[in-house]
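# Working through the structure, step by step
Here is how the chains run, residue by residue.
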Amino acid sequence: IIKHVDQATDQYAVFRTSLMHGDRTHYFANAVANFTGGITSIDAGGFTLGSSATVNTSGDTYYWTAFGNAYNPETGTGAADFTVGAYTGNNADDRNILRLPFQPDLVTIKVDNGSSSVFRTSAMSGDLSSFFIANPEAANYIQTLNSNGFQVGNAAHVASSTSLIHFFAFKSSNTFAVNNYTGTGSGQN
């Protein structure tokens, strides 16, 4: 995950997973297709950048976060609390994406086309999902978190026909938590 922080001309946050083959990077909140020249590869011990201003403007500051050893469904190896994955959209409602090595507490999904990313945590009720853009929670995206995966609805953000769709997921542990709080309008812990 990379985020540009220049005060005058800020950029959208982006991400890439090890299952995103070729030169492709996804935006979290920009509802456009993935782009090239961002995070051009994930390497042993790091990553390589291209020349895109989103991730590599001369003299600008960028913050990045990397999560290593994700469970890889291609090899069946990796972490027991973090996984990456991909599936092809088919516009089907109530589709189960299975064979994750755990019950996830956070799932983030981004389709290769021009939709924004969506996410769902185990603290969310009903079949609601949230967006990284300023949209309200909505149903029919990530509908539920299952014991070994999750279920998606037929919204284009998660089911766009024949589109490649990438996701990453985390399980709660002593180093990762999800929850919610109610705002008070003043400082609180």
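Definitions and limits used
Residues numbered from 1 in each chain as written. Predicted model: local features only at pLDDT ≥ 70, side-chain atom pairs only at ≥ 80, totals over all residues. Heavy atoms only, no water. Helix = DSSP H or I, 4+ residues; strand = E, 2+ residues; numbered from the N terminus. Rg over C-alpha atoms; globule rule 2.2 N^0.38 Å. Buried < 20%, exposed > 50% of the residue type's maximum accessible area, 1.4 Å probe, protein only. Contact = heavy atoms within 4.5 Å. Areas by Shrake-Rupley, 256 points an atom, 1.4 Å probe, with all protein chains shown as cover. Lys, Arg positive; Asp, Glu negative; His and termini not counted. Charge placed at Lys NZ, Arg CZ, Asp CG, Glu CD. Pairing = 2+ DSSP bridges. Salt bridge = Lys/Arg side-chain N within 4 Å of Asp/Glu carboxyl O. Axes fitted to C-alpha atoms, helices over the stretch in contact; angles between N-to-C directions.

### Section: the overall build of the protein
When helices and strands are tallied, the protein shows two helices and 15 strands. Taking 16 Å as the expected radius of gyration for a compact globule of 189 residues, we find that the protein reaches 17 Å, a close match to that expectation. The dimensions of the protein, computed from C-alpha atoms along their principal axes, are 50 × 45 × 35 Å. Taken over 189 residues, the protein has a buried fraction of 42%. For the protein, the proportion of contacts with a sequence separation of at least 24, taken over those separated by at least 6, is 55%. On the protein, roughly 9,600 Å² of surface is accessible, and the fraction owed to carbon and sulfur atoms is 49%. Here the protein carries 8 positive and 13 negative side-chain charges, and the mean point of each set is 6 Å from the other.

### Describing the sheet that holds strand β9 (residues 106-111)
On the basis of which strands lie adjacent, the open sheet formed by six strands has the order β7-β15-β9-β10-β11-β12 and antiparallel pairing. Strands at the two margins of the open sheet, each flanked by one partner only, are β7 (82-88) and β12 (138-139). In this sheet, strand β10 (residues 118-121) lies alongside β9 in antiparallel orientation, the contact comprising four bridges. When the sheet's bridge partners are listed, Leu-106 is paired in β10 with Thr-121.

### Quick word on the pattern of salt bridges
Evaluated as defined, the whole model comprises two salt bridges. Taking the shortest distance from any N to any O, the salt bridge between Asp-112 and Arg-24 comes out at 3.2 Å. Of this pair, Asp-112 sits in the loop between β9 and β10 while Arg-24 sits in the loop between β2 (14-15) and β3 (26-27), and the two are 88 residues apart along the sequence.

### Comments concerning the sheet that holds strand β8 (residues 95-97)
The sheet built from three strands is open, its strands ordered β8-β14-β13 with antiparallel pairing. If you trace the sheet from one side to the other, it starts and ends with β8 and β13 (142-146), each paired once. Pairwise comparison of adjacent strand axes, ignoring direction, gives a mean angle of 25° for this sheet. Sheet analysis places β8 next to strand β14 (residues 149-152), joined by three bridges and oriented antiparallel.

### Describing unusual backbone geometry
Even without being glycine, Asp-94 reaches a positive phi, approximately 60°. Relative to the elements of secondary structure, Asp-94 occurs in the loop between β7 and β8. Its identity as a non-glycine residue notwithstanding, Asn-140 has a phi of 80°, on the positive side. On the basis of relative accessibility, which here comes to 22%, the residue Asn-140 falls in the partly exposed class.

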